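# Overview (structure and organization)
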Amino acid sequence: MADTNKILTAEEEQKLLEPIEAHINEIQKKIDALRVSGTDEVIARRNHIQLVREDKNISKDERPKLIEKDKAAIAKAAEIEKKNKPEVDRLIAEGEAYLKEHFDRDFFNKVKDSCAAAKAEAQKKNQALVNQITKEHQEALSKLTDKAEIKDENYVYKNKLFDAKMRLDSELQDIKSRQHDAFSIRYHYIDMLRLSRFTFAQNRAQKWENYKYNFNVKQFFLKNGLYIVIVLIFIMLGIITPIVKHTSLFTMNNILNILQQASPRMFLALGVAGLILLTGTDLSIGRMVGMGMVTATIIMHKGINTGAVFGHIFDFTGVPTPLRVLLALIMCIIFTTCFTSIAGFFTAKFKMHPFISTMANMLIIFGLVTYATKGVSFGAIESEIPGMIIPKINGFPTIILWAIAAICIVWFIWNKTTFGKNLYAVGGNPEAASVSGISVFAVTMGAFIMAGILYGFGAWLECARMVGSGSAAYGQGWDMDAIAACVVGGVSFTGGIGKISGVVVGVLIFTSLTYSLTILGIDTNLQFVFEGIIILAAVTLDCLKYVQKK
């Protein structure tokens, strides 16, 4: 039962807050007086310097003089600020100590109890209303015999129940907002005392409160349901594997193997993620890998190449090994970037869908490489090369560090550069981006070129990891893995939505799943079934989120 005596009115809440507010305001006045000639002057002068630099009406000769004058004033004010800092810090500490002692006890806890009582009262009233509506409905039904009238009465009954639920939800949201607003008052006072320079603990407390306030169960499962299911799958695999294979699945050796396999694929997923961000895709990734593997293997081959390219036998044994390694990387990047640039040009210039331009690329690359090499494998590369590129240090495979470097670089490009911001803008709404002055052609070409560079790196690393064995058929199906990893990681085909962290998670999920199923001895064809189901679920959730936004 709700205790209605605990329910406070807005006036009563304000009355509880008045002594706290009065005390903090007194402290704030003292702090403001100390800041007038110090901190406030520093802020004002810095703002003035910025205005002077941006004001085109000020002459070039006058501008340095004004800035120099402001800098002199800043130096003087900074001395006053430094002098007053101990007293300001003492007053801030006094204010925070007062809030810690009085805010919860004298105000917030009472508001919290009031909200709990108001919530219980609202639910009680709602239940009484529902019971009344149901009773009236049953009475109305008992008097009706016509099917159409009964149908109409049932319709009216459902509408009344829906209206009651909506009213309850609105009341509960208002109560929740009251408690949240009461919580925020403490940090409003601290904000004034500290000039928004919150401590780590204060920032975390506010973030946690905001998370609780905005938390929605339906949205949570819509956003994270797939990951929860995948985690449960891995838990199940972790339980089944020791029983079936008498070995643990999540050993350090297995984890490192998964990370090794994921590292080259990370480059491919990071590349195609940029295209998906532009509502595109790339069907040629697997063939790019095959082309890159053949190119790198030919250059880094152990001895004279046994296979020919257009009838020509290559021999790079006279070139120093470090130069061969570098040349292989450069040629891989050149070839992959050339082909992605071609697809990008047709996509950007003629508004051709990337599905078509990259499918054409896929056919051209596979046809050229297969025809040139007759489809043969070029064998192993020099045995010392993997140790140069991806050595193992105390059992740790450094190929993982290459992937981490790629993740950091692409994250920086996406989040800290103008190109990255334009990428999101064009992906979200190309027409609006174009009107705002962004070159859609340049951004699209940039995304394809970046993808080509990443494909080249990925193929080169895969060649080193596999010690060669390059052939035109290598990489088949990798395009689907890369695209699937992005989709599962939350990079939306609707455009302009996606994070690098999601791409990383997606790659790790698919690599781990494939590795785990292989250890269990699951047929490769059935593995495709698992991957297909996960992709379907991921895209379905993505579509549901998009439909809700619309």
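Now for a quick tour of the structure.

The rules we used
- Residues numbered from 1 in each chain as written.
- Predicted model: local features only at pLDDT ≥ 70, side-chain atom pairs only at ≥ 80, totals over all residues.
- Heavy atoms only, no water.
- Helix = DSSP H or I, 4+ residues; strand = E, 2+ residues; numbered from the N terminus.
- Buried < 20%, exposed > 50% of the residue type's maximum accessible area, 1.4 Å probe, protein only.
- Contact = heavy atoms within 4.5 Å.
- Areas by Shrake-Rupley, 256 points an atom, 1.4 Å probe, with all protein chains shown as cover.
- Core = buried A, V, L, I, M, F, W, Y, C linked by side-chain atoms within 4.5 Å.
- Salt bridge = Lys/Arg side-chain N within 4 Å of Asp/Glu carboxyl O.
- Phe/Tyr/Trp six-rings, centres within 6.5 Å; stacked < 30°, edge-to-face > 60°.
- Expected span 1.5 Å × (residues − 1).
- Lys, Arg positive; Asp, Glu negative; His and termini not counted.
- Polar contact = N/O pair within 3.5 Å; in protein donor to acceptor, adjacent residues only side chain to side chain.

### Details of the overall build of the chain
- A tally of helices and strands in the chain yields 18 helices and four strands.
- Projected onto its principal axes, the C-alpha positions of the chain cover 90 × 90 × 55 Å.
- Here the chain, with 550 residues, has 40% of them falling under the buried criterion.
- A fraction of 79% describes how many contacts in the chain between residues 6 or more apart in sequence connect residues 24 or more apart.
- Surface exposure of the chain reaches about 30200 Å², of which carbon and sulfur atoms provide 62%.

### Examining the environment of I276
- Relative to the helices and strands, I276 is located in helix α7 (residues 252–277).
- A relative accessible area of 0% places I276 in the buried class.
- The spatial distance from the C-alpha of I276 to the C-alpha of G496 is 8.5 Å, given a sequence separation of 220 residues.
- Other than its neighbours up to four places away in sequence, I276 contacts I483, C486, V491, S492, F493 and G495.

### Remarks on the nonpolar core
- Counting residues in hydrophobic clusters, the biggest one holds 93 residues, and the most contacted among them are L270, M300, I389 and W460.
- Leaving out residues up to four positions away in the same chain, L270 has contacts with A406, I407, V410, L454, I500 and V503.
- Membership of the second largest hydrophobic core comes to 19 residues, among which are Y98, V111, A118 and A122.

### Side note on the pattern of salt bridges
- All chains considered together, the criterion is met by 15 salt bridges.
- The salt bridge partner of K85 is D89, with a shortest N-O separation of 2.8 Å. Here K85 pairs with D89, and both are found in helix α3 (residues 62–142), just four residues apart, close to one helical turn.
- Where R90 meets E94, a salt bridge forms, and the shortest distance between an N and an O atom there is 3.3 Å. Residue R90 and its partner E94 are located together in helix α3, separated by four residues, close to a single helical turn.
- Overall, the relative accessible area of 41% leaves R90 in the partly exposed class.
- Connected via shared salt-bridge partners are E41, R45 and D70.

### As for the packing of aromatic side chains
- Applying the stated criterion across every chain, the model contains 21 aromatic pairs.
- Consider the rings of W208 and Y211, whose centres lie 5.8 Å apart with planes at 20 degrees: the pair is stacked. Taken together, the residues W208 and Y211, both in helix α5 (residues 200–214) and three residues apart, mark about one turn of the helix.
- Its relative accessible area of 43% is what places Y211 among the partly exposed residues.

### With respect to unusual backbone geometry
- The backbone of K351 sits at a positive phi, close to 55 degrees, despite the residue not being glycine.
- Its location among the elements puts K351 in the loop between α9 (321–350) and α10 (354–373).
- Of note, S469 is a non-glycine position whose phi angle comes to about 60 degrees, a positive value.
- Position of S469 relative to the elements: it lies in the loop between α15 (440–465) and α16 (478–488).
- For S469, a relative accessible area of 35% puts it in the partly exposed group.

### Brief notes about α15
- The terminal C-alpha atoms of α15, which comprises 26 residues, lie 37 Å apart, in line with the 38 Å expected from a rise of 1.5 Å per residue.
- The element α15 is largely enclosed, with a buried count of 19 among its 26 residues.
- Downstream of α15 by one or two residues, V467 has phi in the positive range, about 55 degrees.

### A word on the side chain of R63
- Along the chain, R63 falls in helix α3.
- This buried residue, R63, is left without a salt bridge; D55 holds the nearest opposite charge, at 6.1 Å.
- Here the side chain of R63 touches D55 through a polar contact of 2.7 Å, landing on its backbone oxygen.
- Here R63 is in contact with V52, R53, D55, K56 and I58, once residues within four sequence places are set aside.

### A look at helix α12 (residues 399–416)
- For α12, built from 18 residues, the straight-helix expectation of 26 Å at 1.5 Å per residue is met to within 8% by its first-to-last C-alpha distance of 26 Å.
- Buried residues along α12 sit in contact with α7, β4 (396–397), α13 (418–428), α15 and α17 (500–519).

### A few points about the environment of G238
- Note on placement: G238 falls in helix α6 (residues 217–245).
- For the pair G238 and S248, spaced 10 residues apart in the sequence, the C-alpha separation amounts to 7.1 Å.
- The contact partners of G238, leaving out residues within four places of it in the chain, are L249 and F250.

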